[in-house]
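# Topology and contacts: notes
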Amino acid sequence: MAGEVIITVIGNLVDEVELRFTPNGAAVAKFRVASTPRKFNRDSNAWEDDKDNSLFLNCQVWRQAAEHCAESLAKGMRVIVQGRLRQRSYEDREGVKRTVFELDVEEIGPSLKMATAKVTKAGGSGQGRQQYEQARQQSSQEGIQDPWTSPPPAGPGAGAWGGDEPPF
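Residues numbered from 1 in each chain as written. Predicted model: local features only at pLDDT ≥ 70, side-chain atom pairs only at ≥ 80, totals over all residues. Heavy atoms only, no water.

### Some points on the overall build of the protein chain
As a reminder of what qualifies: Per the convention used, a helix needs a DSSP run of H or I reaching at least four residues, while a strand needs a run of E reaching at least two, with both numbered from the N terminus. Relative accessible area decides the class of each residue, using a 1.4 Å probe on protein chains only: under 20% of the type maximum gives buried, over 50% gives exposed, and in between gives partly exposed. Two residues form a contact once any of their heavy atoms are found within 4.5 Å.
Along its length, the protein chain carries two helices and eight strands. For the protein chain, the N- to C-terminal ordering of α and β elements is β-β-β-β-β-β-α-β-β-α. Taken over 168 residues, the protein chain has a buried fraction of 21%. Counting contacts in the protein chain only where the partners sit at least 6 residues apart, residues at least 24 apart contribute 55% of the total.

Following this line, the structure appears as structure tokens:
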């Protein structure tokens, strides 16, 4: 949609991912990300966190991605989050008007700068991990190969693009 502010934030999860479900069954996960800039201190010849300028951002993600977040991410993990920045105003219990910024998450993943991750393809259209594994086992018994786990075809002209190079 025009006029939306799309941002990418790299930071650490402050809390565990909280997964809930709406009355009609849609999953929503909420979490906070803290992003702290670093600066080089010439006196100590070392990088330091600039804790006075930390950004704490409330985030929410919906549906299947919400379930994946709850299953995959934990407090303290470094993540890369991209989404639409929203501003919301409200009045607190004491009657003071407050404004908060929140992120409607479109994409999220672990940062691999200082960690490793093993990615597992999840089943489509609401299948859980167990259902996905069952479907994968059944397809392998029927001789159908999973394109995510099977090696690419070999030889000239092989592959999804009909050649060795992608079309871009």
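The discussion continues.
### Here's the deal with the pairing of strand β3 (residues 27-35)
What counts here: At least two DSSP bridges between two strands are required for those strands to pair.
Direction of pairing for strand β1 (residues 5-13) relative to β3: antiparallel, over a ladder of two bridges. Across the sheet, the residue bridging to Leu 13 is Val 33, located in β3. Direction of pairing for strand β2 (residues 18-21) relative to β3: antiparallel, over a ladder of four bridges. In the sheet register, Arg 20 faces β3, and the bridge partner there is Val 28. Hairpin geometry of β2 and β3 is characterised by an intervening segment of five residues between the two adjacent antiparallel strands and by a positive phi of about 95° at Gly 25. Looking at chain direction, β3 and strand β6 (residues 55-62) are connected through eight bridges and run antiparallel. Its bridge partner lying in β6, Lys 30 is registered against Gln 60.

### Here's the deal with the side chain of Ser 111
Among the structural elements, Ser 111 can be located in the loop between β8 (97-110) and α2 (129-141). Apart from the residues lying within four places of it in its own chain, the contact partners of Ser 111 are Arg 78, Val 79 and Ile 80.

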